[in-house]
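# Geometric and topological summary
Residue strings, one per chain:
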Amino acid sequence: MTTSPRDKTAPRDIDQPAVIAARTDDVSALNTKKVFIKTYGCQMNVYDSERMADVLSPIGYAPTEVPDDADLVILNTCHIREKAAEKVYSELGRIRKMKEANKPDMKVAVAGCVAQAEGAEIKRRAPVVDMVLGPQTYHKLPEMIAKVHRETGAVLETEFDTLEKFDQLPETRKPKGFSSFLTIQEGCDKFCTFCVVPYTRGAEVSRPVTQIVAEARSLASQGVREITLIGQNVNAYHAEGPDGGQWGLGELIRHVALIGGIDRIRFTTSHPRDMDDELIKVLGEEPKLMPYLHLPIQAGSDKILRAMNRDHTYEHYKQLIAKIRAANPDIALSGDFIVGFPGETDADFEQTMKCVKEIGYASSFSFKYSVRPGTPGATMHRQVPEDVKSERLKRLQDLLYTQQREFNQSLIGKTLPVLVEGTAREPGRLFGRSPYLTGTHFDGPEELIGQIVDVTITEAGVNSLIGV
Ligand code: SF4
């Protein structure tokens, strides 16, 4: 049961009924080698790590949670924050010791955005590394491994072959659990002046609709009930639809919603400039689309938004939110914020506080500006002192956490459909997520795992709900 009045339009199923297949791996007998994948950063990296495991399984690698025991260790890295690269080098130092102590023939790979940004530098600084591969080349892992075994010296692959990558990835996914990420778009053309993503993930590329639907069906046939469509700029998605027309994210969501077995859909991360009317309409009409929208603004001051190259004003954002709330009054908003961007004055920061008070957020992510090498922000004047950033972040987070707690407390007494993901720490207690992505705990039998059950909320904290 959902809380909003949209159920009346429950769509016709376009697909034969979903089959909950046993999640056995028929090549498990062949899997003689072990791969340990450590994932840093965003949902895109979580998805990429799962796909790396899918690419490696046919050549005999099975995932392991124990690095010392692995034949192959992959660090799937993130480059968003300061010191990201240094963290990777210190981790490689630990792996070198582990390799020398336990497994001299262990192979080591660095993947993801630090690999893309640092490439050859990693080979120079960390000789323990055998393979360096960017986010768009992990489909080449089998041939890279073969090359490493044939030749001496590390193999480097950092081309931006996004579409080739998706064309070569195994169609079948091996999902973990009942909720799965599905990358539909990669890269970014926005070039916000604080961000490395356009340089590490490349230009915006949208995957073909047919490929996405096939992957969603594969997930549904293995018991996945919730799909989160992801992209650096997921609402910039555009591709040719089966009807030959240009499809945006709205049309794609309506289509994915027709797949049997998929009961919940989410999407992230969006940019205010790409929120089109069709997508806002779908937010109001599609019952399977969860009433939760992550829409970063970063700052409330138009001067800072300009300096960040966000290419929209606070007023534009405010009107967009009003339109979205008119389409779906039940929607919970989430935002991203950066304090201390170069040139940010006290008055600019007060604009961010005013924005938060006026908009109201159910959840959020907030950070101090950190200089990223190679981005325009790194060379800007009037960098804000660290202590000023810390003071502003404290004030902002106090306000955001107050709003988050108030939002969660407004759910007390309400009955929400919760997708049960597994057991919680306390015996007899289960864990799942509300439509607003809030972690929810309640007592119940393990048979409910994988089901969507109605839970009446009795208690609410900042980060989670308790119910019966
Ligand atoms: S929209 Fe801006 S912040 Fe987001 S990935 Fe692109 S450049 Fe980075």
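The rules behind these values
Residues numbered from 1 in each chain as written. Predicted model: local features only at pLDDT ≥ 70, side-chain atom pairs only at ≥ 80, totals over all residues. Heavy atoms only, no water. Helix = DSSP H or I, 4+ residues; strand = E, 2+ residues; numbered from the N terminus. Rg over C-alpha atoms; globule rule 2.2 N^0.38 Å. Buried < 20%, exposed > 50% of the residue type's maximum accessible area, 1.4 Å probe, protein only. Contact = heavy atoms within 4.5 Å. Areas by Shrake-Rupley, 256 points an atom, 1.4 Å probe, with all protein chains shown as cover. Axes fitted to C-alpha atoms, helices over the stretch in contact; angles between N-to-C directions. Parallel < 35°, antiparallel > 145°, perpendicular 65-115°, else oblique. Nonpolar A, V, L, I, M, F, W, Y, C, P; charged D, E, K, R; others polar. Pairing = 2+ DSSP bridges. Salt bridge = Lys/Arg side-chain N within 4 Å of Asp/Glu carboxyl O. Near = heavy atom within 4 Å. Domains from an automatic or database assignment. Buried area = accessible area lost by both parts, 1.4 Å probe.

### Observations concerning the overall build of the protein
Regarding its fold elements, the protein presents 14 helices and 21 strands. Scaling as 2.2 N^0.38, a compact globule of 468 residues should have a C-alpha radius of gyration of about 23 Å, and the protein matches this with 23 Å. With respect to the principal axes defined by its C-alpha atoms, the protein has extents near 60 × 60 × 55 Å. Looking at the protein as a whole, 56% of its 468 residues qualify as buried. Summarising the internal contacts of the protein: among those between residues at least 6 apart in sequence, 74% fall at separations of at least 24. Carbon and sulfur atoms form 54% of the exposed surface of the protein, whose accessible area is close to 19,900 Å².

### Remarks on the packing of helix α13 (residues 346-359) against helix α14 (residues 386-409)
Relative orientation and spacing of two packed helices are given, respectively, by the angle between their axes and the distance between those axes. Packing of α13 against α14 brings their axes to within 10 Å, and their N-to-C directions diverge by 5°. What the angle tells us is that α13 and α14 run roughly parallel. Residue-level inspection shows Asp-346, Phe-349, Glu-350, Thr-352, Met-353, Val-356 and Lys-357 of α13 in contact with α14, the latter providing Arg-392, Arg-395, Leu-396, Leu-399, Leu-400 and Gln-403. Residues that form the contact of α13 with α14 fall into these classes: six nonpolar, two polar and five charged.

### Observations regarding the pairing of strand β18 (residues 429-433)
Pairing analysis gives four bridges linking strand β17 (residues 415-423) to β18, with the strands arranged antiparallel. Its bridge partner being in β18, Thr-423 is matched across the sheet by Leu-430. The turn linking β17 back onto β18 is made up of five residues, and Gly-428 within it adopts a positive phi angle of 80°. Where β18 meets strand β19 (residues 439-443), five bridges bridge the pair, whose relative direction is antiparallel. From the neighbouring strand, Arg-429 faces β19, where its bridge partner is Asp-443. Linking two consecutive strands that pair antiparallel, namely β18 and β19, is a turn of five residues; a positive phi of about 65° is found at Leu-437 within it.

### Describing the pattern of salt bridges
Using the criterion set out here, one finds 37 salt bridges in the structure. Among the salt bridges present, the one from Arg-207 reaches Glu-215, with a minimum N-O distance of 2.9 Å. A relative accessible area of 3% places Glu-215 in the buried class. Through salt bridges with shared partners, one network takes in Glu-50, Arg-51, Asp-54, Arg-173, Arg-207 and Glu-215.

### Focus on unusual backbone geometry
With omega at 10°, the peptide bond leading from Thr-268 into Thr-269 counts as cis. Relative to the helices and strands, Thr-269 is located in the loop between β13 (264-268) and α10 (277-285). You will see that Phe-191, though not glycine, has its phi angle at about 55°, which is positive. Following the sequence through the fold, Phe-191 ends up in the loop between β8 (185-186) and α7 (197-200). Among the residues examined, Phe-191 registers a relative accessible area of 38% and is labelled partly exposed. Despite not being glycine, Gln-298 shows a phi value in the positive range, around 75°. One can find Gln-298 in the loop between β14 (292-294) and α11 (302-307).

### Comments concerning the site of the ligand
Inspection of the region around the ligand gives Cys-188, Lys-190, Phe-191, Cys-192, Phe-194, Cys-195, Val-197, Pro-198, Asn-233, His-271 and Arg-310 as its neighbouring residues. Counted by class, the shell around the ligand contains seven nonpolar, two polar and two charged residues.

### Considerations on the domain arrangement of the protein
Domain boundaries in the protein define domain 1 (14-159), domain 2 (175-290), domain 3 (320-410) and domain 4 (415-467). The partner domain 3 presents 16 residues to the eleven residues of domain 2 that form the contact. Buried surface at the junction of domain 2 and domain 3, both sides included, amounts to about 1,100 Å², of which 71% is carbon and sulfur. On the domain 2 side of the interface with domain 3, the three residues burying the most area are Thr-193, Phe-194 and Ile-280, jointly 48% of the side's total. Counting across the interface, domain 2 meets domain 3 through one salt bridge. For Lys-323, the salt bridge is made with Asp-277, and the minimal N-O distance between the two is 2.8 Å.

### Points about the sheet that holds β18
Pairing in this closed barrel of five strands is mixed, and the strands run β17-β18-β19-β21-β20 around the ring. Pairs of neighbouring strands in the sheet enclose a mean axial angle of 55°, with direction left out of account. When β17 meets strand β20 (residues 452-460), the two strands line up antiparallel, connected through five bridges. Within β20, the position partnered with Val-418 by the bridge is Val-453.

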